Amino acid sequence: MDTLYDRTNDPRAVIEADRAHVWHHLAQHKPFEPGPNAIDPRIMVEGRGLRIWDIKGKEHLDAVSGGVWTVNVGYGRERVANAVRDQILRMCFWAGAQGTIPGALFAEKLIEKMPGLSRVYYANSGSEANEKAWKMVRQISHKHHGGKKSKILYRDRDYHGTTLACLSAGGQQERNMQYGPFAPGFVQVPHCLEYRAGDAGGEGYGERAANAIEEVILREGPDTIGALCLEPITAGGGIIVPPRGYWERVQELCRKYDILLHIDEVVCGFGRTGTWFGYQQYGVQPDIVTMAKGVASGYAAISCCVTSERVFDMFKDDTDKLGYFRDISTFGGCTAGPAAALEVLAITEEEDLLGNSARMGDYLQGKLQALMDKHAAIGEVRGLGLFQGAELVADRETREPLEEKKVQAIVADCLAQGVIIGASNRSMPGFNNTLLFAPSLIATKDDLDQVVAAVDSAIAKVTA
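The text that follows walks through the structure, step by step, so that each part is easy to find. Note that residues are indexed from 1 along each chain, following the sequence as it is written. It should be noted that, the model being predicted, local features are given only for residues of pLDDT at least 70 and side-chain atom pairs only at 80 or more, the latter also being counted only at that level, while totals for whole chains, interfaces and linings use all residues. The side-chain figures draw on all heavy atoms in the structure; neither hydrogens nor water molecules are used.

**What about the overall build of the chain?**
On a plain count of helices and strands, the chain comes out with 15 helices and 16 strands. We take the radius of gyration over the C-alpha atoms and set the globule estimate at 2.2 Å times the residue count to the 0.38 power. Against the compact-globule benchmark of 23 Å for 464 residues, the chain has a radius of gyration of 22 Å, which places it among compact chains. A burial count over the chain gives 53% of its 464 residues as buried. Sequence-distant contacts in the chain: of pairs separated by 6 or more residues, those separated by 24 or more amount to 71%. Accessible areas in this description were obtained via Shrake-Rupley with a 1.4 Å probe; residue shielding takes into account the shown protein chains only. If you sum the accessible surface of the chain, you get close to 21,000 Å²; carbon and sulfur atoms cover 53% of it. Both charge centroids of the chain, one from 50 positive and one from 60 negative side chains, sit 2 Å from each other. Comment: elements are numbered from the N terminus, with helices defined as DSSP H or I runs of at least four residues and strands as E runs of at least two. Relative accessibility thresholds used throughout: buried, under 20% of the residue-type maximum; exposed, over 50%; partly exposed, between the two (1.4 Å probe, protein chains only). Contacts between residues were defined by any pair of non-hydrogen atoms, one from each residue, lying within 4.5 Å. Charged residues are defined narrowly, with Lys and Arg counted positive, Asp and Glu counted negative, and His plus the chain ends left uncounted. Charged groups are reduced to one reference atom each: NZ for lysine, CZ for arginine, CG for aspartic acid, CD for glutamic acid.

What follows is the structure, given as structure tokens:
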């Protein structure tokens, strides 16, 4: 019998099968077309720790956790694979209208990490988790507010997923282009990036940035707004750490106007910033938290929409046949996700990966800041934990962004050196200029030294 592993003995056959039939994410395929100048699609075949190997045998240090900030506990975790195998042999799936053992046990463990929240709704992706949250907000609007309070506020530069509803709440214009018209009832509020705030920055900027949200609330009418959806730290929009006073004011506004606070932890959750969830860096109490990516560290597909009991109680009414949350997620019933997530959570605790994220994040930020003394192209370094960014500029005085092709050339040069980093791309026209670093939470100083050395060399070469 022809098996997967038999066929990988012929790399050329795999590459050609990929070239002929696979439609890659976020990729222009014209360069893959057969011809004298054709390039091969890159195919990754093995990973151990932070190292991965492509089908041609080249080794890379992965500083972006699987390309999209997912593999938090590193590659090759046999105990996670075994947990998934054992579970799917016993019971691979049952629709979420009933329960499963790993679903119940992981929900219990997860809620222990999230004081003030109590209910877990399973789905299979971050986009889907956010869709669930917004459907909850809309149903609450109809059932409890006479159809009012249905609008959902989202922030410029934030990203919440790739479905049409998620793009409707998408603050990255390039990702939205050519996909409209979008769903109504989503309203944008300003970003909170002080580096790009001009004269509005300085002392008290965090509170002023949050007050800009209140201006939108008053303009739209508080009785029309059901939820405010924010990333705790803006991810692909440039690694934006909200300034001091911002989150406290956001919480005040949500309570003042009876607006549900929905925090999108799809990227920041499960230790990325040095706490279990990014919002826990700021002492706020959300009503809804969504998560995916690091929950199972890429070993299985899973996402969660976690709510307070107050939100859950709004759907308990057996006098109304439409009173419950009438939603379903087929693959939210897969047991592999919570089985893997239980093991990932245990590894995170046993190996103190939250602490390592915090310590190594400080180390990485310090190394990147040291590069600023060497390279005028680095305008600002910012981040929390193992989630760091370096905004690149053509001129430090004017803060003119470095042109995107040079930013991408730096990423490509690092790749040629065997180090995979990220950069904001296809996001904000004219501002796709931030290098992004999100290695697995097991990263060591030696790993980070290798990453920074590659960036140092690449910036020197590209901006010479």
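**A closer look at the packing of helix α4 (residues 78–90) against helix α12 (residues 336–350)**
Axis angle and axis distance: for two packed helices, these are the angle between their axes and the distance between the axes, and together they describe the pair. One way to put it is that α4 packs onto α12 with a least axis distance of 8 Å and a crossing angle of 150°. Overall, the two elements α4 and α12 adopt an arrangement that is roughly antiparallel. Remark: the crossing between α4 and α12 carries right-handed chirality. For the pair α4 and α12, contact is made by Arg79, Val80, Ala83, Val84, Gln87 and Ile88 and by Ala336, Ala339, Ala340, Glu343, Val344, Ala346, Ile347 and Glu350, respectively. Only Asp, Glu, Lys and Arg are considered charged in this grouping, and only Ala, Val, Leu, Ile, Met, Phe, Trp, Tyr, Cys and Pro are considered nonpolar; every other residue, Gly among them, is considered polar. Taken together, the residues of the contact of α4 with α12 break down into 10 nonpolar, 1 polar and 3 charged. An axis is simply a line fitted to the C-alpha atoms; with a helix, the fit covers only the stretch in contact. Between two such axes, the angle follows the N-to-C directions and lies from 0 to 180 degrees. Between 65 and 115 degrees an angle is taken as roughly perpendicular, under 35 as roughly parallel, over 145 as roughly antiparallel, and anywhere else as oblique. Left-handed is the label given to a crossing in which the near helix is rotated counterclockwise from the far helix by less than a right angle, and right-handed is the label when the rotation is clockwise.

**A word on the sheet that holds strand β4 (residues 119–123)**
The rule for pairing is simple: two strands pair if DSSP sees at least two bridges between them. Pairing within the open sheet is mixed, and its 7 strands lie in the order β4-β10-β9-β8-β7-β5-β6. Single-partner strands in this sheet number two, and they are β4 and β6 (186–189). Pairs of neighbouring strands in the sheet enclose a mean axial angle of 20°, with direction left out of account. Of the strand pairs in this sheet, strand β5 (residues 151–155) and strand β7 (residues 225–230) are connected by 4 bridges, and their pairing is parallel.

Geometric values such as these leave the question of function open.
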